[in-house]
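# Structural description and commentary
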Amino acid sequence: MVVTQKKLHYPFPTILFDRSVGRCPYDTRNRILNQQTSRMILQTTEWVISSPHKKDITSLSLDLAEERFLLAGSSDATVSIYDFSRRGQDQNSPSSKNQYIPVAQSLRSNAHNRQQPTGHSSSIIKAEWYAFDTGAFVSASSDGCLMVWDTQKMQPVVSLQPLSTISCLHLSQSSGRSESLIATGSNENSMIKLVDIRTGAASHSLTGHDRGIATLQWCPKSDVILASGSHDGTIRLWDVRKAGSHSTVTILDRDICSPFPLQPFRSEYDHLRNRERETKQRGPNTYSNTAHVSSHGASVTCLSFTPDGRHLVSYGLDRKLLLWDLSSTGHLVTRKFAPPRGFSALSNTPSPFLIQDKQIWLGSGSQIFVYSLERGGLPTQILDGHLGRVTSLEFWKAGPILFSGGREGMILTWKASSAEQIAQQRMFRKRYREDR
């Protein structure tokens, strides 16, 4: 099968005008990349990433500083680092192949050696780069251990345990007040703990959920806003400048359908807080009387803001992918994302997804569904290549390349490619299955 290339339509007069008046070249570059991303046809690439992991790839993170290094965390309690420059290529691979091997990998620590740990002793839940320096990254494991790493030495320099177990983590990508804050949550605890990696201590806690925390996401447009999804079926927005239950900005309610805002949009979502205070339908600002408020019909397992912060996409164990309009009343947008033909429903397991420009990539079983954020409906494309369930996703905008990690321990790469390259990747997966 030959993969057809869609004709790209760029507003070149506008881009040339931007360059002529000295506007930021980075913004112009991003605009071009966004247009390419929204129109590209994804297939497996000629890139091959050799994974040393034999268990789930639970986390993928590309550094924002250089867009060169990829972190891969696994259920085998180790973290690998890939370098997408020539230094990271396997010199023994054929010249026609871009085959990458880890340039560094952490050690698995003895569970009894808590005084001087050399690494994690249980499954990695999340590994993320420090936003402004590839010399450091953070990782968390299921036993509640949170570590800050020195990349050059590949050793942890700080080891904390903010919670008895950790199910989700997100490091702030902002250069503002929350620059060094890590939000952590647990399936067994309804409280969110904020940890300051500069001091190595818990900053404060956010309370309000009735059950454990399944997912956390910092807002890309405000350094003080955090979103959380819980097993109680609700999504909350928090103002981390406050503590306790008073930090709740709003709870997203799927029964609210009014698109008419009472206040203009504000990046810190004060217009949503004002709506709550004016309607007085959910008790005081402590949000204690919220038993009837629901965002999903089951646990909320994934959240992602759109880059402009005006919308939030959520996914839950009720198998629904929902879009929320945060620019007006925080109402649920009546735009359905349907499973492909032949599927009765989307996956009922915690599924990774991410948003890039105007597309949503959702892992469902061993496949990846690509949806249009603007149109909804059926997937525009289905990516099939993993041998097991898709467990993690990451996007490299400069490629543009989509990285996906699977339960079988493989890391695949996707972009527009030829039929020959697709056949080569299938042969690699066949050999991989035979070796395992």
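Residues numbered from 1 in each chain as written. Predicted model: local features only at pLDDT ≥ 70, side-chain atom pairs only at ≥ 80, totals over all residues. Heavy atoms only, no water.

### Some words on the overall build of the protein
Summing up its helical and strand segments, the protein has four helices and 30 strands in all. Pairs at least 24 residues apart make up 52% of the contacts formed inside the protein by residues separated by at least 6 positions. (Helix = DSSP H or I, 4+ residues; strand = E, 2+ residues; numbered from the N terminus. Contact = heavy atoms within 4.5 Å.)

### Examining the packing of aromatic side chains
Two measures describe an aromatic ring pair: the distance that separates the ring centres and the angle between the ring planes. A full pass over the atoms with the stated rule returns eight aromatic pairs. Geometrically, the ring pair formed by F337 and Y371 is edge-to-face, given 5.6 Å between the ring centres and 90° between the ring planes. Separated by 34 residues along the polypeptide, F337 in the loop between β23 (331-332) and β24 (353-356) and Y371 in strand β26 (residues 367-372) bring together distant segments of the chain. There is no split in this pair, since F337 and Y371 are both buried. Three or more aromatic residues link up through ring pairs in this structure, and these residues are F69, W129, F137 and W149. (Phe/Tyr/Trp six-rings, centres within 6.5 Å; stacked < 30°, edge-to-face > 60°. Buried < 20%, exposed > 50% of the residue type's maximum accessible area, 1.4 Å probe, protein only.)

### Some thoughts on the environment of G233
Within the secondary structure, G233 is located in the loop between β17 (225-230) and β18 (235-239). Here G233 falls in the buried class, since its relative accessible area comes to 2%. Between the C-alpha atom of G233 and that of T301, which follows or precedes it by 68 residues, the distance is 9.2 Å. Residue contacts for G233: discarding those within four places in its chain leaves S294, S295, H296, A298 and V300.

### Considering the pairing of strand β4 (residues 69-74)
With respect to burial, β4 is a largely interior element, six of its six residues being buried. The two faces of β4 match: F69, L71 and G73 on one face and L70, A72 and S74 on the other face are all buried. As paired strands, strand β3 (residues 57-62) and β4 are joined by five bridges and run antiparallel to one another. Bridge pairing in β4 places S59 opposite G73. Turn length for the β3-β4 hairpin, with the two strands adjacent in sequence and antiparallel, is six residues, and the turn residue E67 shows positive phi of about 50°. For β4 and strand β5 (residues 79-83), the ladder comprises five bridges, and the chain directions are antiparallel. Within the sheet, the bridge partner assigned to L70 lies in β5 and is Y82. (Pairing = 2+ DSSP bridges.)

### Side note on the sheet that holds β17
Pairing within the open sheet is antiparallel, and its four strands lie in the order β16-β17-β18-β19. The strands lining the two open edges of the sheet, one partner per strand, are β16 (213-218) and β19 (248-252). For this sheet, the mean inter-axis angle between neighbouring strands, taken without regard to orientation, is 20°. Bridge count between β16 and β17: five bridges; the pairing is antiparallel. In the sheet register, Q217 faces β17, and the bridge partner there is A227. (Axes fitted to C-alpha atoms, helices over the stretch in contact; angles between N-to-C directions.)

### A short note on unusual backbone geometry
For A77, which is not a glycine, the phi torsion comes out positive at approximately 75°. Within the fold, A77 resides in the loop between β4 and β5. Backbone geometry places M154, a non-glycine residue, at a positive phi of 50°. Note that M154 resides in the loop between β10 (146-150) and β11 (155-160). Here M154 falls in the buried class, since its relative accessible area comes to 11%.

### Comments concerning the nonpolar core
Counting residues in hydrophobic clusters, the biggest one holds 30 residues, and the most contacted among them are L226, L237, Y269, F305, L312, W324 and L326. When contributions to this core are tallied by element, the ones reaching two or more residues are β13 (181-186), β14 (189-196), β16, β17, β18, β19, β20 (300-305) and β22 (321-325). (Core = buried A, V, L, I, M, F, W, Y, C linked by side-chain atoms within 4.5 Å.)

### Overview of the sheet that holds β3
Backbone hydrogen bonds are what pair the strands of a sheet, in a parallel or an antiparallel way. Taken together, four strands build an open sheet; the order of strands is β3-β4-β5-β7 and the sheet is antiparallel. Each edge of the sheet is formed by a strand with only one pairing partner; in this case those strands are β3 and β7 (104-105).

### A closer look at the pairing of β26
Residues in a regular strand project their side chains so that they alternate between the two faces of the sheet. In terms of burial, β26 is largely enclosed, as six of its six residues are buried. Here β26 shows two buried faces, one formed by Q367, F369 and Y371 and the other by I368, V370 and S372. Pairing of β26 with strand β27 (residues 381-384), which is carried by four bridges, proceeds in the antiparallel orientation. For Q367, the partnering residue across the bridge sits in β27 and is D384.

### With respect to the pattern of salt bridges
With the rule as written, the count across this model stands at six salt bridges. With a shortest N-O distance of 3.9 Å, K126 and E128 are connected by a salt bridge. E374 is the salt-bridge partner of K358, the closest N and O atoms lying 3.3 Å from each other. Of this pair, K358 sits in the loop between β24 and β25 (359-364) while E374 sits in the loop between β26 and β27, and the two are 16 residues apart along the sequence. A cluster of three or more residues bridged by salt bridges with shared partners is formed by E66, R68 and D83. (Salt bridge = Lys/Arg side-chain N within 4 Å of Asp/Glu carboxyl O.)

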